[in-house]
Amino acid sequence: MAASDRTVLQFSSSSSSSQSLSARVHPLVVFNICDCYVRRPDQAERVIGTLLGSVLPDGTVDIRNSYAVPHNESVDQVALDIEYHHNMLISHQKVNPKEVIVGWYSTGLGVTGGSALIHEFYSREVPNPIHLTVDTGFTNGEGTIKAYVSNSLSLGDRQIAAQFQEVPLDLRMVEAERVGFDTLKSTNVDKIPSDLEGMEMSMQHLLALIDDIYRYVDDVVEGRVAPDNKIGRFVSDAVGALPKLPAEVFDKLVNDSLQDHLLLLYLSSITRTQLSLAEKLNTAAQIL
């Protein structure tokens, strides 16, 4: 058979760019997706929505916001409320004009059959959109979060399929957000931890990290692990950031800070109680 008669299966050119693509998601997006999943209609098996953010100079997709989009889904088709989607986008951009569509999300573990249809719609909204999945069903015992891009498989000039390829995802958060996220991942939580409990969890996490660093440094000194200059610089910067104070002075500083924090908690509790009493007295006065 002549070479000109052969039909070649090939991926589109977006596959080369997806290899260097990565995403970064803010905790607010994850919390928002979980909240939308809890408030979903009774007949809905999953929630889908639009991701907003920007593309950083290094090519990283920074996902900062999201909103749910009503949809109806069956075995072979998906119906999106496009008008609602566009109205929500206009409303968001009035507040944050720098945030644009960067992709879409869905709840559940991994990619499903209808994901290709939805991704095709968002591909018309933005080139090479990110598909974020959040496992709100805790299939593996925790809320797995993954990001994908789609590569088109073409037969000649005709597209016949789409392949979803996972890309690196960075979930960065401050310590207060970390406490809330860890609570969200746990499937057996009786109540949200208080400020003191959250502080205790943060300190336990910090001590665990210090123990890991201590073991790593000890292994390097004893020759059990090859030294890494990058990790060494991080450890040096962390140690250099510590205040050069005697242990007694440092303990007093921490205790004073803790007492100030407890005093703020006490004052805020008194304020809430006073407001509640004032509201009840005002209601009783109106009745009388």
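For every chain, the first residue of the written sequence is number 1, and numbering continues from 1 onward in sequence order. For this predicted model, a pLDDT threshold of at least 70 governs which residues receive local features, and a threshold of 80 or more governs which side-chain atom pairs are given and counted, while totals over whole chains, interfaces and linings are taken from all residues. For the side-chain quantities, the full set of heavy atoms in the structure was used; hydrogens and water were omitted.

The name an unreviewed UniProt entry gives the protein chain is Eukaryotic translation initiation factor 3 subunit F, with Stylosanthes scabra as the organism. UniProt positions are given in the numbering used here, feature names are shortened, and annotations may be inferred rather than shown by experiment. Recorded in UniProt under Subcellular location (unreviewed entry), the annotation for the protein chain is "Cytoplasm". Turning to the protein chain, the UniProt record has this under Subunit (unreviewed entry): "Component of the eukaryotic translation initiation factor 3 (eIF-3) complex."

Asks: I keep staring at the pattern of salt bridges and nothing clicks. Help me out?
Replies: The working definition used for a salt bridge is a side-chain nitrogen of Lys or Arg within 4 Å of a carboxyl oxygen of Asp or Glu. Overall, the coordinates contain eight salt bridges when judged by the stated rule. Residues Asp-62 and Arg-64 are paired through a salt bridge, measuring 3.0 Å at the closest nitrogen-oxygen approach. Note that Arg-224 and Asp-218 form a salt bridge whose closest N and O atoms lie 3.0 Å from each other. We call a residue buried when its accessible area falls under 20% of the maximum for its residue type, exposed when it is over 50%, and partly exposed in between, using a 1.4 Å probe and counting protein chains only. Residue class for Arg-224 comes out exposed when judged on its relative accessible area of 51%. Connected via shared salt-bridge partners are Arg-24, Asp-62, Arg-64 and Glu-99.

Asks: How do you make sense of unusual backbone geometry when you look at a structure like this?
Replies: Residues other than glycine predominantly adopt negative phi, and peptide bonds predominantly adopt the trans conformation. Of note in this structure, Asn-128 is not a glycine but carries a positive phi near 50°. Along the chain, the position of Asn-128 falls in the loop between α4 (115-125) and β8 (130-134). Its relative accessible area of 30% is what places Asn-128 among the partly exposed residues. Where helices and strands are cited, they refer to DSSP runs of H or I of at least four residues and of E of at least two residues respectively, numbered from the N terminus.

Asks: How should I be thinking about the state of the cysteines in this particular structure?
Replies: Disulfides are covalent bonds that connect the sulfur atoms of two cysteines. For this text, the term disulfide refers to a pair of cysteine sulfurs within 2.5 Å. Across all of its chains, the model carries zero disulfides by this definition. In this model Cys-34 remains outside any disulfide bridge; the closest cysteine sulfur is found in Cys-36, 9.3 Å from its own.

Asks: Is there a simple way to explain the side chain of His-85 in this structure?
Replies: As for its position among the elements, His-85 is in helix α3 (residues 82-95). Residue His-85 is classed as buried on the basis of its relative accessible area, which comes to 1%. Pairs of N or O atoms within 3.5 Å make up the polar contacts considered here, provided that, within protein, one atom can donate a hydrogen while the other can accept it, and that residues adjacent in sequence are counted only when both atoms are side-chain atoms. Among the polar contacts listed, one links the side chain of His-85 to the side chain of Glu-125, at a separation of 3.3 Å. Among all residues touching His-85, those that are not within four sequence positions of it are Thr-50, Tyr-67, Val-69, Ile-101, Phe-121, Tyr-122 and Glu-125. Note on contacts: a residue pair qualifies if any of its non-hydrogen atoms lie within 4.5 Å across the two residues.

Asks: What's the story with the pairing of β8 in this structure? I'm lost.
Replies: Along any regular strand, the residues point their side chains to alternate faces of the sheet. Here β8 lies mainly inside the structure; five of its five residues are buried. Burial along β8 is two-sided: the residues Ile-130, Leu-132 and Val-134 and His-131 and Thr-133 are all buried. Bridge analysis of strand β7 (residues 100-107) against β8 gives five bridges, and the strand direction is parallel. The residue of β8 that forms the bridge with Thr-107 is Val-134. For a crossover, the right-handed case is the one in which the path from the first strand over the helix to the second runs clockwise, viewed with the strands pointing away from the viewer. Traced from β7 through α4 to β8, the parallel crossover comes out right-handed. Strand pairing follows a simple DSSP-based rule, namely that at least 2 bridges must link the two strands.

Asks: Before we go on, may I ask you to explain the environment of Asp-135 in this structure?
Replies: Tracing the backbone through its elements, the reader meets Asp-135 in the loop between β8 and β9 (145-155). Given a relative accessible area of 2%, Asp-135 falls into the buried group. Taking the C-alpha atoms as reference points, Asp-135 and Gly-110, separated by 25 residues in sequence, lie 7.9 Å from one another.

Asks: What's the story with the pairing of β7 in this structure? I'm lost.
Replies: Burial runs high along β7: seven of the eight residues are buried. Strand direction decides the pairing type here: strand β3 (residues 48-55) and β7, joined by six bridges, are antiparallel. Directly across from Ile-48, in β7, lies its bridge partner Ser-106.

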